Structures are given as C-alpha cells and as structure tokens.
Amino acid sequence: MGTRPHQAHPALVLFALSVGAFAIGTTEFAAMSLLPFFARDLGIDAPTAGHAISAYALGVVAGAPVIAAFGARLPRRTLLIGLMAMFAVGNGLSALSPSYGWMLAFRFLSGVPHGAYFGVAALVAASLVPIEKRAQAIARVMSGLTIATVIGVPVANWMGQAMGWRSGFFVVAALAIATMTLVALYAPRDAGDPKASPARELGALAKPQVWMTLLTGAIGFGGLFAVYTYVASTMMEITHVSPAWVPVVLAIFGIGLTIGNFVSAWLADRSLNRTVIGVTLWSAAALALFPFMAGNIWTLCLSIFLIGAGGGLGTPLQARLMDVSGDAQTLAAALHHSAFNIANALGPWLGGLSIAAGYGLTSTGWIGAALALGGLGIFLLSIMLERRTTRLVAIPCE
C-alpha cells in the first residue's frame, strides 16, 4: 500500500467520506419515506411506487461490480470524486422526473455509483487505522448514512411535505457536490494500484466465503427494508396518526441505526462472527414484534427503534469481506453494497406482494423476520464450511 495514504489526517478523511455516506443515506431512505407523496403526484399506488425504490437498489447491484472491477487501478481519491459526480447528476435528474417511467430510469442511474463509493470509502478508512480498529473506522464512515436517517431523511420528508417531494432530491444533489469538494481537499493522494485488474478483482467471485457473506447481507437485510419502505403508509392507515409523525418516527429509526452501527462495530473488533450472529437474531426478534406493536404510536416508535438497531449488521459483514476476499478488496467491498441493495429490492418487493395479497401492511414484519432468519442460516452454514475447510487443510500438516 505504501505510506502516503497515512499522511492525511484520519479524522478529516473520515469526515469527508461520511458526508458522502450522509448524501447516499438521505436519498436511499428518504425515497422510501416520500413514497406516498411521489406516488400520488405520479398517479400510481404504493406497491407500484415501491418499484422506484427497487430500481435504485438494482442500480447499486449493477453498478458496484462493474465500477469496482474496472476502476480498481485508479487512484481511490479520483474514483471517489467521479462516483459522487455521477450521484449528483442522478439525483438532480430524479428531482426533475416528469413521469413514473423517467423516475425509474433516474433512480436506477442514481444507484449505480452507490456500492462502489461505499466499497472504496471503506477501504480508505481501514487503511488509516490499525487492523484491530478497522471496523470502528468503517463505522465512522457509515455513521454518515445512519445520521442521515436521524437528520437527513426527516428533513427531506418535511421538505417533501412542505415544498414538494422533488426538493428532497435536489438537496441530495447539493450534498453530493459538497462531498466532491471535501474529498478533493482531504482524501489521500494515492497513486492507485498498477497491479489491479478486472481479472484479479473478479477472482473474489471464485471464493465461496465471499458469496456466502454477500448472501447473508442480501437475505438478512431484506427484513429491515420490508418494514421501512411501508412504514409511512402503515402509520397513516394502521396507526392512524398525522403525517407530521412520519419524520419523528424516521428519526427514531435513525437513532436506533446509529447506535446499532457503533455498538456492532465495537463488538466486531472483538468477536466478528459472534457479532453477526447476535445482530441477526436481534433483527429477527424485532421484526417479528412489529405486527403487534404497529397499532399504537408509542409501541410503534419502540418497534422502529429496535428494528433500526439491527441495521448495525452492515459494518461486521464489511469487515468479514475484507478477511475472505484476498487481493480482490475493491470488488468485494463494493459487492457488499450490491448485496445490501439486493435486500433493498427484495424486502420491498416481498412486502408489496404480501400487502397486495391482502395480508395487510403489518405483514411486512413477518416477511422481515423470515428474511433475517434466512440470513442467519446462511451465515451459520458459512462458518461451518469455513471450519471444515480449515480442518481439512490442517490434516496434511500433522
């Protein structure tokens, strides 16, 4: 790696990267909270509007591996600035969407740089600190996303109600431009990796543990999105509260997500696998309780806080991918966010199917619990296979 990345002040670098995470978190989650409003404006129902959320997620899934594989040789600072430029354009165009079809296209475009940005940002963050503190460094970058759910999303939702849903996407575009400036000022001026190549990065896909870690996130995270996507609609139709409550509940979710992010990172630097297992079990329990707690605003707030705390799963999984991906760090790190956004597509889709089938808005909690348990099962299988492989490799040496 060399020593040049460490010449930058870690706190300033992490702050610059976290602003980009704040912009991404705001658009990703605010789009869900604004769903009832842009659905009404574009003349579609809530389950159909949920496809715009899925379009963004599919953009992440498609963009992350392509950009990571072909951009791995570029200086990380240059790549981060370019990714934020693309993100700014996509969100600016989303704000100008004249129809549902264009909204789908622009949300897909907005999602394309998402995964690669977080992947590269995580690698930069980890390079600035000793290995025993890497999960906490990654968590500081991810805190931009979690704080976005406390501040950015409620503010975007409030703006959407007061000035129209398009204003929320304009704000995100402005945040992306601010990130470009901060990264240009503070990110390490690395020379890139001349040995990197698409073939080397794609080598990560030959590793079973990489795939199983990605599947853990793709399935296990889906439950959170199954509930979160429809929480505004649930509050209006099931809890029967004013739309003014929506930003409050979204902020409570964000507080849970922020606390979960830092606690899980602290635990992961001590016991990575146990942290993943514990957080996934927490998520399954919190999601299973949601149908019983959605009828009252106070119990709903508690439920959303608990579900948000389960979002701390992301940082431990990112750290595990660094352990199992070998030399293909850029692609593996970016694919983590592809997996995260497969969950972002899968959860709303399955939740929408359940609602459309007549099981009601609260049925998303049951869908979510099943997805969390599915992710846990995949991770436990991954550990079993890893231990078996380790024993088989050790036998000839005895």
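Just so it is clear, the structure is predicted and the values come from calculations on it, not from any experiment.

Asker: Quick question: what am I supposed to make of the overall build of the protein chain here?
Answerer: Counting its regular elements, the protein chain contains 18 helices and zero strands. Its C-alpha atoms give the protein chain a radius of gyration of 20 Å, near enough to 21 Å, the size a compact globule of 398 residues would have. In terms of its C-alpha atoms, the protein chain occupies a principal-axis envelope of roughly 65 × 45 × 35 Å. Per-residue burial over the protein chain gives 59% buried out of 398 residues. Total accessible area computed for the protein chain in this model is approximately 15400 Å², and 71% of it derives from carbon and sulfur atoms.

Asker: Can you walk me through the packing of aromatic side chains in this structure?
Answerer: To describe a pair of aromatic rings, one takes the distance between the centres and the angle between the planes. Enumeration over the complete set of coordinates arrives at seven aromatic pairs. Centroid distance Tyr228 to Phe253: 4.4 Å. Interplanar angle 50°. Geometry classified as tilted. Linking Tyr228 in helix α11 (residues 222-228) with Phe253 in helix α13 (residues 245-268), this pair joins segments that are 25 residues apart in sequence. Comparing Tyr228 with Phe253 shows no difference in burial state: the two are buried. A network of ring pairs unites the aromatic residues Phe221, Phe225 and Phe340 as a single cluster.

Asker: Can you help me understand the nonpolar core in this one?
Answerer: Generally speaking, a soluble globular protein has its nonpolar side chains buried in company with each other. One finds Phe29 and Phe38 to be the most contacted residues of the largest nonpolar core, which totals 99 residues. Ranked by residue count, the leading element in this core is helix α1 (residues 10-33), at 13 residues. Shared between two domains, this core holds at least three residues of each, these being domain 1 (8-196) and domain 2 (199-397). Setting aside residues up to four positions removed in sequence, Phe38 forms contacts with Ala31, Ala49, Ala52, Met103 and Trp165. Grouped together as the second largest cluster of nonpolar side chains are 11 residues, Ala64, Val210, Ala334 and Leu335 included.

Asker: Quick question: what am I supposed to make of unusual backbone geometry here?
Answerer: Across the chain, the bulk of peptide bonds are trans and the bulk of non-glycine residues have phi less than zero. A positive phi angle, close to 60°, is found at His240, a residue other than glycine. Tracing the backbone through its elements, the reader meets His240 in the loop between α12 (231-239) and α13.

Asker: What am I meant to see in a nonpolar patch on the surface here?
Answerer: A cluster of nonpolar side chains, contributed by Ile255, Ile259, Val263, Trp266 and Leu267, occupies part of the molecular surface with about 420 Å² of accessible area. Looking at the element boundaries, Val263 is found in helix α13.

Asker: Please clarify how the domain arrangement of the protein chain should be interpreted in this entry.
Answerer: For an interface, size is often stated in terms of accessible area lost upon the parts coming together. With domains assigned, the protein chain is organised as domain 1 (8-196) and domain 2 (199-397). Centre-to-centre, using C-alpha coordinates, domain 1 lies 19 Å away from domain 2. At the interface, 54 residues of domain 1 touch 47 residues of domain 2. Summed over both sides, the interface between domain 1 and domain 2 buries roughly 4000 Å², with carbon and sulfur atoms accounting for 71% of that surface. Ranking the residues of domain 1 by area buried against domain 2 places Met32, Leu123 and Arg134 at the top, with a combined share of 13%. At the junction of domain 1 and domain 2, the tally comes to one salt bridge. Here Asp323 and Arg134 are joined by a salt bridge, their closest N and O atoms 2.6 Å apart.

Parameters and conventions
- Residues numbered from 1 in each chain as written.
- Predicted model: local features only at pLDDT ≥ 70, side-chain atom pairs only at ≥ 80, totals over all residues.
- Heavy atoms only, no water.
- Helix = DSSP H or I, 4+ residues; strand = E, 2+ residues; numbered from the N terminus.
- Rg over C-alpha atoms; globule rule 2.2 N^0.38 Å.
- Buried < 20%, exposed > 50% of the residue type's maximum accessible area, 1.4 Å probe, protein only.
- Areas by Shrake-Rupley, 256 points an atom, 1.4 Å probe, with all protein chains shown as cover.
- Phe/Tyr/Trp six-rings, centres within 6.5 Å; stacked < 30°, edge-to-face > 60°.
- Core = buried A, V, L, I, M, F, W, Y, C linked by side-chain atoms within 4.5 Å.
- Domains from an automatic or database assignment.
- Contact = heavy atoms within 4.5 Å.
- Patch = residues over 30% accessible without salt bridge, like charges linked within 9 Å, V, L, I, M, F, W, Y side chains within 5 Å.
- Salt bridge = Lys/Arg side-chain N within 4 Å of Asp/Glu carboxyl O.
- Buried area = accessible area lost by both parts, 1.4 Å probe.

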